[in-house]
Amino acid sequence: MDGTRPKIFLYTDGAASGNPGPGGYGVVLKCAGLTKELSGGFALTTNNRMELLAVIKGLEQIRWTHADVEVYSDSSYVVKAVNEGWLVSWERKGWKKVKNPDLWQRFLAVYRLHNVSFHWLKGHAGHPENERCDALAVAAGAGAVAAGAVLPDDAGYLLSRTSGEDGGIFG
């Protein structure tokens, strides 16, 4: 941290009913006593896509570069991809046989603007921000469909199903 800007805490979760099925993401951002929540949903997507999109959406909200960001997620997929170096390997190999390459490339573009560290949280274990993110994600996806909302398509997911670009249909 440069001493002038506070640390940002980013909590994220994704959900898909049926996986694939209607899905959503939830985000809670905290910084200097302020809290911002975000959510969104899609008609047909996967849990992993929503987990990753939640992180992307949260990072995209940060208005300055080189922010110190602590990301908390219950997604082993996202946290391990970054912390265990999978992402660097996938990029080096040209995204061959990688699920969700559209989102991983979008993630890298915003991730590289900041100083980000990832922390895994056990899901559904009573962590207040994680529970809130889960509620936001479920409400934006399956909850919205149950309430009669028509959700947009997840174009990246639909493309991967038809092109086979990610090595399979499940992300």
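Above: the structure in question.
The text that follows walks through the structure, step by step, so that each part is easy to find. Please read all numbers here as calculations on a predicted model, not as lab measurements.

1. Quick notes on the packing of helix α1 (residues 47–60) against helix α4 (residues 101–111)
Then comes step 1: Where α1 meets α4, the closest approach of the two axes is 9 Å, and the angle between their N-to-C directions is 25°. Put simply, α1 runs roughly parallel to α4. Once α1 is placed against α4, the crossing between them reads as left-handed. Contacts between α1 and α4 involve Arg 49, Leu 52, Leu 53, Val 55, Ile 56, Lys 57, Leu 59 and Glu 60 from the former and Asp 102, Leu 103, Trp 104, Arg 106, Phe 107, Val 110 and Tyr 111 from the latter.
Then comes step 2: Residues belonging to the contact of α1 with α4 are distributed by class as follows: 10 nonpolar, no polar and five charged.

2. Digging into the pairing of strand β3 (residues 34–45)
Then comes step 1: The pairing of strand β2 (residues 21–31) with β3 spans 10 bridges and is antiparallel. The residue bridging Val 28 from the neighbouring strand is Glu 37, located in β3.
Then comes step 2: In textbook terms, the turn of a hairpin is the stretch between consecutive antiparallel strands, and for β2 and β3 this stretch comprises two residues, one of which, Ala 32, has a positive phi near 50°.

3. Overview of the packing of aromatic side chains
Then comes step 1: In the structure shown here, the tally under the stated rule is eight aromatic pairs.
Then comes step 2: Taking 5.5 Å as the distance between ring centres and 65° as the angle between the ring planes, the aromatic pair formed by Tyr 77 and Trp 104 counts as edge-to-face. One end of the pair, Tyr 77, is in helix α2 (residues 76–83); the other, Trp 104, is in helix α4, with 27 residues separating them in the sequence.
Then comes step 3: Here Trp 104 falls in the buried class, since its relative accessible area comes to 0%.
Then comes step 4: Ring centres of Trp 104 and Phe 107 lie 5.7 Å apart, and the angle between their planes is 85°; this geometry places the pair in the edge-to-face category. Here Phe 107 and Trp 104 lie together in helix α4, a separation of three residues that amounts to about one turn.
Then comes step 5: A relative accessible area of 0% means that Phe 107 is categorised as buried.

4. Thoughts on unusual backbone geometry
Then comes step 1: Each neighbour pair has its own omega, and for Asn 19 with Pro 20 the value is 15°, a cis peptide bond.
Then comes step 2: If you trace the backbone, Pro 20 turns up in the loop between β1 (8–16) and β2.
Then comes step 3: One non-glycine residue, Asn 19, adopts positive backbone phi at about 40°.
Then comes step 4: Here Asn 19 falls in the partly exposed class, since its relative accessible area comes to 36%.
Then comes step 5: At His 124, a residue that is not glycine, the phi angle is positive and equals roughly 55°.
Then comes step 6: Residue His 124 is classed as exposed on the basis of its relative accessible area, which comes to 59%.

5. Here's the deal with the environment of Gln 105
Then comes step 1: Tracing the sequence through the fold places Gln 105 in helix α4.
Then comes step 2: Among the residues examined, Gln 105 registers a relative accessible area of 40% and is labelled partly exposed.
Then comes step 3: Spatially, the C-alpha atom of Gln 105 lies 8.3 Å from that of Glu 91, the residues being 14 residues apart in sequence.

What counts, and where the lines are drawn
- Residues numbered from 1 in each chain as written.
- Predicted model: local features only at pLDDT ≥ 70, side-chain atom pairs only at ≥ 80, totals over all residues.
- Heavy atoms only, no water.
- Axes fitted to C-alpha atoms, helices over the stretch in contact; angles between N-to-C directions.
- Helix = DSSP H or I, 4+ residues; strand = E, 2+ residues; numbered from the N terminus.
- Parallel < 35°, antiparallel > 145°, perpendicular 65-115°, else oblique.
- Left-handed = near helix turned anticlockwise from the far one by under 90°.
- Contact = heavy atoms within 4.5 Å.
- Nonpolar A, V, L, I, M, F, W, Y, C, P; charged D, E, K, R; others polar.
- Pairing = 2+ DSSP bridges.
- Phe/Tyr/Trp six-rings, centres within 6.5 Å; stacked < 30°, edge-to-face > 60°.
- Buried < 20%, exposed > 50% of the residue type's maximum accessible area, 1.4 Å probe, protein only.

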